[in-house]
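# Working through the structure, step by step
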Amino acid sequence: MDTTISNTKYEFTSRAKMVCFILMAIGIASIVAQFATGYEQVWANLLQINFFFMAMGLCATFFVAFQYVARAGWSVNIIRVPEAMMTWLWIAMPLMLIIIVGGGTHIYHWMHEGITEKMINGNPNPEYDSIIAGKSAYLNKPFFYSRLVAYLLIWCGAAFYLRKFSIAEDTEGGTTNYFKATKIAIFFIVLFAVTSSTAAWDIMMSIDVHWFSTMYGWYTFAGMFITALTAMALWLVYLKSKGYMEEVTESHLQDVGKFMFAFSIFWTYLWFAQFMLQWYANLPEEIVYYRTRFDYYRWPFWIAFFLNFIFPFLILMTRDAKRKFFVIIFAGTIILIGHWLDNFLMVIPGVLINHGSHDWHIGIYEIGTTLGFAGGFMYMVHSKLASAPLLRKNHPMLVESMHHAI
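Residues numbered from 1 in each chain as written. Predicted model: local features only at pLDDT ≥ 70, side-chain atom pairs only at ≥ 80, totals over all residues. Heavy atoms only, no water.

With that settled, consider the pattern of salt bridges. As enumerated under the stated definition, the model contains 12 salt bridges in all. Where salt bridges share partners, they join R80, E83, R163, E169, D170 and R392 into one cluster. (Salt bridge = Lys/Arg side-chain N within 4 Å of Asp/Glu carboxyl O.)

Take a look at the structure:
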């Protein structure tokens, strides 16, 4: 084995840092401008965009964890990329708490004071909502915030220890840290199976509090995971284009491309199944979610479908397509835009309708805020990639990954 390659570290150049700082400055300026002008979508934008990038960190953690649980060897050469991505959770989750505590009453209708009280001072409460009152055992601030803190501790804790044992493995060798990380991964996978769905209900579905879907947790997970896979593929292409990660072959890239292709189809299956079941029943309390999006968000609704299914399906269908850098970049860009738009549709309509408005926007504020979060995410990933060798040279399955060929 070439020890020079094994010890290669990524160099976080001053130019790359400058790009990240510029993007973060654009984002900060956009956020300040939104608050200064009283922009109606500001809290909704912050929630949606933070969730979009948080998903990359969370599902990167999930990807790393199931590599341990499955005893997968093929991914050893690429694993440092999702390991770097998952550290974004350490910023994204505290930000999520700040956004929800600061703008919760603007985002969530069920947080309004007195909305679950039938009588106030002996008089009928005109704001009383019987549906929200029926859900108040679950949707109440103390329990809601407690769950958010639990998500933070579980997800950030798993990311911390998986990263810690991975770095320790580089310096100490042996299999002790590998098996420690495997135990953490097993616990995380079990907890993730529950918390990924409950977090989707809490953070996203409770925005449209009168509506619910039993498939929403899976649907949200599929969107989060394809976003993380796509970001991971783009990072691999970037690093390869800069001359790093020589051990990563076309076979590794093809496997990541297959994940992108498969989960684009899986997301579409859930997208259609969730819609079809409610369309078929045609119950007013179920179709209100889609009625709002059909009536007022028709163009972004159908554009998201085409970007998230039709284009990835056609572009990534062949074996050779998944091995070409320009194809991965093209398909990845489309997928990220498509799922950003899908997140937009999951958040903005519900927030605006709670305020009696359908006057939505995708403009300079939304784009600027997204660029700011992208800059922060890129800076974090760049920093973590530069802090350790790009190849886990003491991983017990390194040889398998070196000889991976499909």
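Alright, that's what it looks like, and here's the rest.
This paragraph deals with the packing of aromatic side chains. The description of an aromatic ring pair rests on the distance of the ring centres and on the angle between the ring planes. Summed over the entire model, instances satisfying the criterion amount to 66 aromatic pairs. With 3.9 Å between their ring centres and 15 degrees between their planes, W211 and Y289 make a pair best called stacked. A residue pair is termed long-range when its members are at least 10 positions apart, and W211 in the loop between α8 (176-204) and α9 (216-241) and Y289 in helix α11 (residues 284-296) qualify at 78 residues. Judged by its relative accessible area of 3%, W211 falls in the buried class. Relative accessible area serves as the criterion here: at 6%, Y289 is assigned to the buried category. Residues W235 and Y238 carry aromatic rings whose centres are separated by 5.9 Å and whose planes lie at 90 degrees to one another, so their mutual orientation is edge-to-face. Highlighted residues: W235 and Y238, both in helix α9, separated by three residues, approximately one helical turn. Residue class for W235 comes out buried when judged on its relative accessible area of 8%. Above the ring of Y138, the side-chain terminus of R147 is found at 3.7 Å from the ring centroid. Directly above the aromatic system of Y289 lies the positively charged group of R293, at a separation of 3.5 Å from the ring centroid. (Phe/Tyr/Trp six-rings, centres within 6.5 Å; stacked < 30°, edge-to-face > 60°. Helix = DSSP H or I, 4+ residues; strand = E, 2+ residues; numbered from the N terminus. Buried < 20%, exposed > 50% of the residue type's maximum accessible area, 1.4 Å probe, protein only. Lys NZ or Arg CZ within 6 Å of the ring centre and 35° of its normal.)

This paragraph deals with empty space enclosed by the protein. The tally for this structure, following the rule as stated, stands at three cavities of 30 Å³ or more. In this model, the largest cavity occupies a volume close to 100 Å³. Around the largest cavity, the lining residues are Y219, W271, Q274, Y289, Y290, R293, F301, A304, F305, D342, L345 and M346. Only α10 (250-281), α11, α12 (298-315) and α13 (325-354) provide two or more residues apiece to the lining of the largest cavity. Among the residues forming the lining of the largest cavity, the class breakdown is nine nonpolar, one polar and two charged. Of all the elements, α9 adds the most residues to the lining of the second largest cavity, at five residues. Its residues assigned to classes, the lining of the second largest cavity comprises seven nonpolar, five polar and one charged. (1 Å grid on protein atoms, 1.4 Å probe; cavity = no way out; pocket = protein on both sides within 12 Å on 5 of 7 lines; lining within 4 Å. Points joined across faces, edges and corners; volume = space filled by probe spheres on them. Nonpolar A, V, L, I, M, F, W, Y, C, P; charged D, E, K, R; others polar.)

Right, let's talk about the layout of surface pockets for a bit. Of the volumes computed, that of the largest pocket is approximately 790 Å³. F53, L234, L336, A374 and M378 are, among the 30 residues lining the largest pocket, the residues nearest its centre. Elements with a minimum of two residues in the lining of the largest pocket: α2 (14-37), α3 (42-69), α9, α13 and α14 (364-386). Among the elements that take part in the lining of the largest pocket, α14 stands out by supplying eight residues, more than any other. Approximately 220 Å³ is the volume found for the second largest pocket. In terms of lining, the second largest pocket is formed by 14 residues, of which the most central are I28, I31, L46, L95 and F373.

Within soluble globular proteins, side chains that are nonpolar generally end up buried alongside one another. Grouped together as the largest cluster of nonpolar side chains are 139 residues, with contacts concentrated most on L47, M85, Y108 and I203. Ranked by residue count, the leading element in this core is α3, at 21 residues. (Core = buried A, V, L, I, M, F, W, Y, C linked by side-chain atoms within 4.5 Å.)

This brings us to the packing of α9 against α10. Their axes nearest at 9 Å, the elements α9 and α10 cross at an angle of 155 degrees. As far as their axial angle goes, α10 and α9 are roughly antiparallel. Seen from above, α9 lies across α10 with left-handed handedness. Looking at the contact of α9 with α10 residue by residue, the class counts come to 21 nonpolar, four polar and no charged. (Axes fitted to C-alpha atoms, helices over the stretch in contact; angles between N-to-C directions. Parallel < 35°, antiparallel > 145°, perpendicular 65-115°, else oblique. Left-handed = near helix turned anticlockwise from the far one by under 90°.)

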